[in-house]
Amino acid sequence: MDNFGSDFSAGAGSGKMDPSTIMEQVKVQIAVANAQELLQRMTDKCFKKCIGKPGGTLDNSEQKCIAMCMDRYMDAWNTVSRTYNSRLQRERARM
């Protein structure tokens, strides 16, 4: 987040801030936040599903379960994301 503030301060010295630059920075920050949320949710769900007794190491079955769970979660997320984006594009085309 430090880069976010420093990018704005660079344009603030001239008294003008380019709206398209600001919009791009906001989009990047939203994408980063979404990726962090995706990873957190995936970690929480797969941990609850695959780890019965937390310990110092994961046994083979836990490792396989985590890997499969994360793969399935990402596949599902990608499917939903593609479907959502195509629906948005169709709705925008109607306007």
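Quick caveat: nothing in here was measured; it's all calculated off a predicted structure.

**Student:** Tell me what's going on with the side chain of Glu-62, and back it up with residues and numbers.
**Tutor:** Here Glu-62 is to be found in helix α3 (residues 60-94). Notably, Glu-62 is buried but unbridged: the nearest opposite-charge side chain belongs to Lys-53, and the N-O separation is 9.3 Å. Residues within four places of Glu-62 in sequence aside, it is in contact with Cys-50, Ile-51, Gly-52, Lys-53 and Thr-57.

**Student:** Which residues make up the state of the cysteines, and what values go with them?
**Tutor:** Under the definition given, this model contains 2 disulfides. The residue that forms a disulfide with Cys-46 is Cys-69, at a sulfur-sulfur distance of 2.0 Å. One quick way to see it: the torsion about the S-S bond of Cys-46 and Cys-69 is about -85°, and its sign makes the bridge left-handed. Of the two residues, Cys-46 is situated in helix α2 (residues 19-50) and Cys-69 in helix α3; the sequence distance between them amounts to 23 residues. As far as burial versus exposure is concerned, Cys-46 and Cys-69 are alike and both buried. Between the sulfur of Cys-50 and that of Cys-65 lies a disulfide, 2.0 Å long from S to S. Residues Cys-50 and Cys-65 share a disulfide whose torsion about the S-S bond is about -70°; that sign makes it left-handed.

Quick notes on the rules
- Residues numbered from 1 in each chain as written.
- Predicted model: local features only at pLDDT ≥ 70, side-chain atom pairs only at ≥ 80, totals over all residues.
- Heavy atoms only, no water.
- Helix = DSSP H or I, 4+ residues; strand = E, 2+ residues; numbered from the N terminus.
- Buried < 20%, exposed > 50% of the residue type's maximum accessible area, 1.4 Å probe, protein only.
- Lys, Arg positive; Asp, Glu negative; His and termini not counted.
- Salt bridge = Lys/Arg side-chain N within 4 Å of Asp/Glu carboxyl O.
- Contact = heavy atoms within 4.5 Å.
- Disulfide = S-S within 2.5 Å.

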